Amino acid sequence: MAASAMSIVLSSPPGPLHIVTSGKAISGKVIFSNQRDRPTGVVTISLLGKSETSFKKGKTLYQGSAILFRLSKTLHDGALSQNQYEWHFEFTFPKVTAGEKKKWLAIPPYQVTESHQLPISMAFDAEDFENNIGRGAIIYMMETRFTKSANPSLFSSSESSQLALYYIPYRDSKIPSPQISILGKESFTCSSKLLDPTSEKPKSFLKRFTTPRSIFEISISTPTVLYAGGPLPIILSLTHDLQTSTAPTVPTVRLTSCSVMLIRTMHAAGRAVFEDDGKYSIVENLSVKENLQIPLSESQDLSKILDLSSFRTKFGMGFATYNLAQTFKIMVKMTLECVDKRFWTELRSRNILVLSPFTKEGLELDLEKGGGEVAALLRGLNDLGQGVDVDFSKVDVLAGVVGVAASLM
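Residues numbered from 1 in each chain as written. Predicted model: local features only at pLDDT ≥ 70, side-chain atom pairs only at ≥ 80, totals over all residues. Heavy atoms only, no water.

Peer 1: Run through the layout of surface pockets, naming residues and quoting values.
Peer 2: Taken as a whole, the largest pocket spans an internal volume of roughly 510 Å³. What lines the largest pocket is a set of 26 residues, and nearest its centre among them are Gln-117, Gly-318, Phe-319, Leu-353 and Leu-355. Class assignment for the residues of the lining of the largest pocket results in 14 nonpolar, 9 polar and 3 charged. (1 Å grid on protein atoms, 1.4 Å probe; cavity = no way out; pocket = protein on both sides within 12 Å on 5 of 7 lines; lining within 4 Å. Points joined across faces, edges and corners; volume = space filled by probe spheres on them. Nonpolar A, V, L, I, M, F, W, Y, C, P; charged D, E, K, R; others polar.)

If you want it as structure tokens, here you go:
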């Protein structure tokens, strides 16, 4: 019997993309065209999520696969006559993984035994995966299967059909925890005659002339938790070392240029090869400001100056599974000016958590209005070569969700 004899038809969520989120009902039916009498048969339907990786180290190919969760129901168990059958089903999409305990021990940034939030649907194909090709995917699907018994062997024949789902997570609270972490700090010494224009060189060569100097420290702080569409405060602090400085007055320090970047790193692990994982990074410019002349104070938030009061990112959310993880760092590059001297610095944060741009209510409202924000998010991921293969050239509102003239992977 051909595989097309089994099919899954969803009533909720409607198509064509079947966008789902946590806590929502997934309902529909399985259609099975049985072309001959069968004395026994078991038909099941499963809702599952999995993460898959594949990358090369030299000539060795590493592959990993991990089940994030699997929910299954038995639709039929018994004899089947030659006929067309329909069985209805309903699931509630989970929010976290099953938290299955693994025999092996992974290292950060991968999750090991604890359940964790489900990541967004995505796929990537990186040409430069530590100078090799790497692939990875977060996949959600419905799968129906016919077997002759409830406990088939590896050699038992079976028939199946699958239907892709696209999962969009949401964050629990509108405003994340406002924890601020110091991104880094650096000390500078400015030596210049202009710090004390009244000073003169001694007339006697026995007396040594000392150029006035001013010592100051710059520190940058950023939040440990961010969400796209929310603020990204860049807190810059300036401290003058009055005890060590020899300048008679405190000079003005100006910010002349500033660039803020988000560094995304994908980590992929092959099964039981966690000490030798593959990874690659992409840098996204969030803000680049040149020709500034901003006098710095003891503490100030540069987010408005840098247009980061409501920042956007095309990289999606941070996540960690058993074999696939996405982490983020903030990098700030600055040039400073003190009298006639220029200074340059580059500071990087530790790993930060980037959350979904949607709250639960916001995601539901966006889907009701046609899913414009959802479409933009998926389109941004797709533009980076890490999302679903969708043609967004035409987007219409169909049944309250995104209706896309698309070809799916």
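Peer 1: Give me the lowdown on the nonpolar core, citing residues and values where you can.
Peer 2: One finds Phe-216, Val-260 and Ile-330 to be the most contacted residues of the largest nonpolar core, which totals 37 residues. Among the secondary structure elements, those contributing two or more residues to this core are β10 (180-191), β11 (213-223), β13 (235-240), β14 (253-268), β19 (324-338) and β20 (341-348). For this core, the leading source of residues is β19, giving 6 residues. Among residues more than four places away in sequence, those in contact with Phe-216 are Glu-186, Ser-187, Phe-188, Cys-190, Leu-238, Thr-239, His-240, Asp-241, Val-253, Leu-336, Cys-338 and Phe-343. Counting residues in each nonpolar core, the second largest holds 36 residues, with Ile-8, Phe-69, Leu-165 and Tyr-167 among its members. (Core = buried A, V, L, I, M, F, W, Y, C linked by side-chain atoms within 4.5 Å. Buried < 20%, exposed > 50% of the residue type's maximum accessible area, 1.4 Å probe, protein only. Helix = DSSP H or I, 4+ residues; strand = E, 2+ residues; numbered from the N terminus. Contact = heavy atoms within 4.5 Å.)

Peer 1: Tell me about the sheet that holds strand β3 (residues 25-34), and name the residues and values.
Peer 2: Taken in spatial order, the 3 strands of this open sheet run β1-β3-β6, and their pairing is antiparallel. Edge strands, defined here as strands with exactly one partner in the open sheet, are β1 (6-12) and β6 (83-92). The sheet shows a mean angle of 20° between the axes of neighbouring strands, direction not considered. Pairing of β1 with β3 involves 6 bridges; the strand directions are antiparallel. (Pairing = 2+ DSSP bridges. Axes fitted to C-alpha atoms, helices over the stretch in contact; angles between N-to-C directions.)

The values are spatial; any link to function lies outside them.
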